[in-house]
There are 2 protein chains.
Amino acid sequence: MIKEFDKRNSVEEVEEGKILQPKFDQNNLIPVITVDQINNEILMHGYMNQEAFRLSMNTKEAHYWSRSRKCIWKKGETSGLIQKIKEIKIDDDQDCVIFEVELCGLQASCHVGYKSCFYRKLTFREGHYTDKLEFTEKEKVFDPKEIYGNAPNPTKL
Amino acid sequence: MIKEFDKRNSVEEVEEGKILQPKFDQNNLIPVITVDQINNEILMHGYMNQEAFRLSMNTKEAHYWSRSRKCIWKKGETSGLIQKIKEIKIDDDQDCVIFEVELCGLQASCHVGYKSCFYRKLTFREGHYTDKLEFTEKEKVFDPKEIYGNAPNPTKL
């Protein structure tokens, strides 16, 4: 079970080495991209502090840092939308993580009710992308009011 | 051609609306996940400021903000590893973007020489993930010295 992360000593070791040496940003967070292991679909983009990363590695269930609630957040704790981690990848400079996960429960990840948080795309017109959005998921998987009740919405302006 | 982004007025509009209202963080950046359109493989995780996002939308070629060099960076400008944007997605709270791209040139994206920046995974032992890494790409696609010469390495400790 991991307790502490290794120190970053050299660029070569970070890029070409075989030891995890994650970089946490000015807010002590590292971004994590969560994908469905079945088809590589990106489900969400979240953040972890050191403790959330350790919990994810040690329990094999995705834990994040909620920037809006300012606490560790085990995905699915209240909703049942637990994510079982099947693979963890790290990038070249070790400042970003990928979780490949198996979805539990309703097979969804997004608090708005869709499977993926990325349920909209930019439309294309006359040779360039515009700021008009089109929904790529046509229906919600679940009604967020049923699952989350009156819990505060994590989306902030 | 987009010149300015729409203002964020309400959580409902941000989550369920059909207008792009991106949120830039305290450093005026938004994270972007770049994937290979062919198989959804995640290639890199970068950042854009408003200008890089506008340039990406208007030119259909991926532009980022280099946090180490502190400048706009058109991917492939020196290396030829240009990324043609085939789809742009935005997430529920509009603070993260996906580029689905077609790779040009050497069919690679990582400055270390691999196709994807995510060329290592955490090994698994006795029921949990460890801090020992395993390479998932066995060979580099190109020699970074040949492509980048003596340009400074963007990886920072």
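The structure we're discussing is the one just above.
Just so it is clear, the structure is predicted and the values come from calculations on it, not from any experiment. (Residues numbered from 1 in each chain as written. Chains lettered and ligands numbered in written order. Predicted model: local features only at pLDDT ≥ 70, side-chain atom pairs only at ≥ 80, totals over all residues.)

Asks: Which residues make up the overall build of chain A, and what values go with them?
Replies: Scanning chain A for helices and strands turns up 3 helices and 8 strands. When its helices and strands are written in sequence order, chain A yields α-β-β-α-β-β-β-β-β-β-α. By principal-axis analysis of the C-alpha atoms, chain A measures approximately 45 × 45 × 30 Å. For chain A, with 157 residues in total, the buried portion stands at 38%. The long-range share in chain A, meaning contacts at least 24 apart out of those at least 6 apart in sequence, stands at 42%. (Helix = DSSP H or I, 4+ residues; strand = E, 2+ residues; numbered from the N terminus. Buried ≥ 20, exposed ≤ 12 C-beta atoms within 10 Å, placed from the backbone. Contact = placed C-beta atoms within 7 Å.)

Asks: Help me get a handle on the pairing of strand E1 (residues 30-36) of chain B, residues and values and all.
Replies: Consecutive side chains of a regular strand alternate in pointing toward one face of the sheet and then the other. All names here are of chain B. Counting buried residues along E1, 5 of its 7 residues qualify, which places the element largely inside the surrounding structure. Of the strand pairs in this sheet, E1 and strand E2 (residues 42-48) are connected by 6 bridges, and their pairing is antiparallel. If you follow Thr-34 over to E2, its bridge partner there is Met-44. Once E1 ends, the chain turns through 5 residues before running back antiparallel as E2, passing Asn-40 with a positive phi of about 70 degrees. When E1 meets strand E6 (residues 97-103), the two strands line up parallel, connected through 5 bridges. Opposite Ile-33, over in E6, you have Ile-98 as the bridge partner. (Pairing = 2+ DSSP bridges.)

Asks: Before we move on, can you summarise the sheet that holds strand E6 (residues 97-103) of chain A with the specific residues and values?
Replies: Pairing is mixed across the open sheet formed by 6 strands, whose spatial order is E2(A)-E1(A)-E6(A)-E5(A)-E7(B)-E8(B). With partners counted over all chains shown, the strands left at the sheet margins are strand E2 (42-48) of chain A together with strand E8 (128-135) of chain B, one partner each. Averaged over all neighbouring strand pairs, the angle between strand axes comes to 35 degrees, with direction disregarded. Two elements, strand E5 (residues 83-90) of chain A and E6 of chain A, share 7 bridges in a ladder whose sense is antiparallel. Across the sheet, Lys-89 of chain A pairs through a bridge with Ile-98 of chain A, a residue of E6 of chain A. (Axes fitted to C-alpha atoms, helices over the stretch in contact; angles between N-to-C directions.)

Asks: Pulling in residues and values, what's your account of helix H2 (residues 50-59) of chain A?
Replies: Within the span of H2 of chain A, buried status applies to Ala-52, Phe-53, Ser-56 and Met-57 of chain A. Seen along its axis, H2 of chain A keeps its buried residues to an arc of 130 degrees; they face one direction. On its buried side, H2 of chain A packs onto strand E1 (30-36), E2, strand E3 (63-66), strand E4 (71-74) and E5 of chain A together with E8 of chain B. Phi turns positive, to about 65 degrees, at Lys-60 of chain A, one or two residues after H2 of chain A. (Arc of directions from axis to C-beta.)

Asks: How would you sum up the pairing of strand E5 (residues 83-90) of chain B? Please name residues and give values.
Replies: The pairing of strand E7 (residues 120-125) of chain A with E5 of chain B spans 2 bridges and is antiparallel. When the sheet's bridge partners are listed, Lys-121 of chain A is paired in E5 of chain B with Lys-89 of chain B. Between E5 of chain B and E6 of chain B, which pair antiparallel and follow one another directly, the connecting turn spans 6 residues, one of which, Gln-94 of chain B, has a positive phi of 55 degrees.

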